[in-house]
Amino acid sequence: MLISTLLSEQKAALVVMPLGIILLAIAPALISDSAQITLITVLMYAILTLSWTMFSGPTGYVSLATAALFGVGIYVAALLRGTMPIEVIVLIGGLTGFVFALAIGILTLRLRGVYFILFTFGITALIRNVVQWWETHFGGTVGRHVLGASNEAVYLLVTILFAATLVVTFLVKHSRVGMALQAIGENQDAAAHIGIHVTRIKVLTFAASAVFVGATGAVMATRWRYIDPSIAFNPLLSFLPVVMAIFGGTSKLYGPILGTVVLVVLQDFLITEHPYLYLLLFGLTLVVIVVWLPGGLVVLAQKWFLKARIQWAKLQMQVRRVRRR
Amino acid sequence: MLEVRGVSHSFGGLKAVDRAEFTVGRGEVVGLIGPNGAGKTTVFNLISGAIKVQEGTIRFKDEDITGLRPDQVCLRGLARTFQSTKLFAGMTAFENVRLALMYGNPERSFRHKEVEREVNQLMASMGLLADRNKPVRDLSLASRRRLEITRALATNAEMLLLDESMAGLTPLELTQSMQLIGRLREKGMTILMIEHVMQAIMGVCDRIIVFHFGRSIAEGTPEEIAADPTVRTVYLGE
């Protein structure tokens, strides 16, 4: 039963993913400029959330290092922009994210539970402060201007990165490595005792997921055009992907994307309509959602889907009865 | 097959294992008994690499495995079960065994059908085919214990460390479990088992090692151990 469900899920994903990516590719021709800018933000958070889910979803290791890896990508773009094509800078941003995540992983992934969470948060703060100190002492100023790129170019790059993140997350989830990550999340000791090299799998998956975070940081630097350590290493960039993933639900691939879309749209609405009450209302909404939907939006979607299937089956039975008469 | 030589391990000031010495021969079923806190499970943790050996050496199939990680020990053919079963609760019984088969045999490249066939064969031989697609949380204690042994066997193990795999079973389940160990012995499996159920220990073991305060105090056949006055004093309380 579970295997057949999994196979049908895989088949559904193989149809829905390409369709979604094609829709995203043609979207700029159909939507307004402001909608395109919102979509860039949605895609940026979707990449961060999916990357976070790739590793933290199955293992249960709550990483708060996203801001560090994103910020590193931003500073790669700030240092290299103008010297080489943006596509190359994005690749270097991704590679830098990989290298930093590898180092963070080697340092932290032997830790478990709350120690891992605190360490990843601490490392983000450390990198931010080191960059701030460096900029103040050797740069002469805290902030940097980054040569901007057009909205179209930024949109195209984040769409490509989103598609890549989605495909890689899907492949990892349904691979041998994905099963091992789930086993590690279920019981790390037992996983090690059936031949899984726990540390290697954790560190490499964590580093692989950071490629997309670093690359996205490099792209977003050209969209924001001015950066400083408080923007690049903003702690919200660590917390929001966690909230979005949990809100959407990590058990299904579409959960984190659903969570991202709803929360970014909600965030945009609150900032526009209630700028002074934004954080208060946003926080309250999150508390209500977490209390009422502990499994995330995925659970709600599954319930609706099940109800719809039952209704559809009832309708088919009625049609058959009418035909027989 | 397994040699434990002068192995010690302390937790702070407490010496849990104190220069332990014993061997297990190929194809033997050996029981490890002793009062609670005697250091039996710590010995299992040291052999399987779950905790580091502070002193002494452990050899398996003439190779020094002292200080190896659990996955390295497992890939050398030594698998274990746990006192409280440590199964992957979010997976089905089939998925638990499949994962062990895939990661326990890294030299093989599996095809989907091949994995399914092998797992089914193994589960059938262990009487678990009816539980194949059940989530672990829906299994009875006896099935869980049996599944943990199946998962260990799937790693291509030549030797099993069974940590109280008969605890909490009903008399019927206990008999079935003893028959299972008998079948594994007939297939040439080497087994070192910790057990408090004396009926099982006396019924299936070729040899018994008695542990007390982290070291072996007696060793012999079940009959010799039952008649040993030291064992009767420290273990049976006579």
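The structure presented is a predicted model; accordingly, all values stated were derived computationally and were not measured.

Draft legend 1. Spatial organisation of the interface of chain A and chain B. Across the contact, 17 residues belong to chain A and 24 residues belong to chain B. Within the residue set of the side of chain A that touches chain B, elements represented by two or more residues are helix H7 (176-186) and helix H8 (188-192) of chain A.

Draft legend 2. Quick peek at the sheet that holds strand S9 (residues 207-212) of chain B. Residues and elements named next belong to chain B. The strand order across the open sheet formed by six strands is S6-S7-S8-S3-S9-S10, and the pairing between neighbours is mixed. Strand pairing shows two members of the sheet lacking a second neighbour, strand S6 (78-80) and strand S10 (215-220), which therefore form its edges. Averaged over all neighbouring strand pairs, the angle between strand axes comes to 20°, with direction disregarded. The sheet contacts of helix H1 (residues 40-48) involve strand S3 (29-33), S6, strand S7 (159-163), strand S8 (190-194) and S9, and relative to S7 the element is tilted by about 145°.

Draft legend 3. Focus on the domain arrangement of chain B. Residue and element names in this part refer to chain B. Along its sequence, chain B is carved into domain 1 (1-77 + 158-238) and domain 2 (89-156). Computed over C-alpha atoms, the centres of domain 1 and domain 2 are 25 Å apart. On the side of domain 2, nine residues touch domain 1, which itself brings nine residues to the contact. Looking at the side of domain 1 that touches domain 2 residue by residue, the classes come out as five nonpolar, three polar and one charged.

Draft legend 4. Molecular detail of the environment of Gly178(A). Residues and elements named next belong to chain A. Within the element layout of this structure, Gly178 appears in helix H7. Take Gly178: there are 18 C-beta atoms within 10 Å of it, and that puts it in the partly exposed class. A sequence separation of 163 residues divides Gly178 from Val15, and the C-alpha atoms of the two residues are 21 Å apart. Filtering out sequence-adjacent residues up to four positions away, Gly178 remains in contact with Pro58, Val172 and Lys173.

Draft legend 5. Representation of the nonpolar core in the model. In this structure, Ala180(A), Ala191(A), Ile196(A) and Leu160(B) are the most contacted members of the largest nonpolar core, which totals 82 residues. For this core, the leading source of residues is helix H3 (residues 93-104) of chain B, giving eight residues. The residues that make up this core include at least three from each of domain 1 (1-77 + 158-238) and domain 2 (89-156) of chain B. Once residues within four sequence positions are removed from consideration, Ala180(A) is found in contact with Ala191(A), Ile196(A), Ile201(A) and Tyr103(B). Trp52(A), Phe98(A), Phe233(A) and Leu263(A) belong to the second-largest nonpolar core, a separate cluster that totals 73 residues.

Draft legend 6. Structural context of helix H5 (residues 141-154) of chain B. Residue and element names in this part refer to chain B. Between its first and last C-alpha, H5 extends 20 Å over 14 residues, near the 20 Å set by a 1.5 Å rise per residue. Here H5 lies mainly inside the structure; twelve of its 14 residues are buried. Buried within H5 are the following residues: Ser143, Arg144, Arg145, Arg146, Leu147, Glu148, Ile149, Thr150, Arg151, Ala152, Leu153 and Ala154. Considering only its buried residues, H5 is in contact with S6, H3, helix H4 (112-125) and S7. Downstream of H5 by one or two residues, Asn156 has phi in the positive range, about 70°.

Draft legend 7. Looking closely at the confidence of the model for chain B. Residue and element names in this part refer to chain B. Scored by pLDDT, chain B has a mean of 89; 98% of the residues are at 70 or more. Confidence, read as mean pLDDT per element, is least for helix H9 (residues 229-234) in chain B (78) and greatest for helix H2 (residues 70-75) (95). Two summary scores accompany this predicted model of the complex, namely pTM at 0.86 and ipTM at 0.89.

Draft legend 8. Region of the structure containing the sheet that holds strand S4 (residues 55-60) of chain B. All names here are of chain B. The four strands are arranged S2-S1-S4-S5 in an open sheet whose pairing can be described as antiparallel. Each edge of the open sheet is held by one strand with a lone partner, namely strand S2 (14-24) and strand S5 (63-64). Here S4 pairs with S5 via two bridges, running antiparallel. What sits directly across from Phe60, in S5, is Glu63. Docked against the sheet, H1 engages strand S1 (2-11), S2 and S4, running at close to 65° with respect to S2.

How each quantity is defined
- Residues numbered from 1 in each chain as written.
- Chains lettered and ligands numbered in written order.
- Predicted model: local features only at pLDDT ≥ 70, side-chain atom pairs only at ≥ 80, totals over all residues.
- Contact = placed C-beta atoms within 7 Å.
- Helix = DSSP H or I, 4+ residues; strand = E, 2+ residues; numbered from the N terminus.
- Pairing = 2+ DSSP bridges.
- Axes fitted to C-alpha atoms, helices over the stretch in contact; angles between N-to-C directions.
- Domains from an automatic or database assignment.
- Nonpolar A, V, L, I, M, F, W, Y, C, P; charged D, E, K, R; others polar.
- Buried ≥ 20, exposed ≤ 12 C-beta atoms within 10 Å, placed from the backbone.
- Core = buried A, V, L, I, M, F, W, Y, C linked by C-beta atoms within 7 Å.
- Expected span 1.5 Å × (residues − 1).
- pLDDT = per-residue confidence, 0-100.

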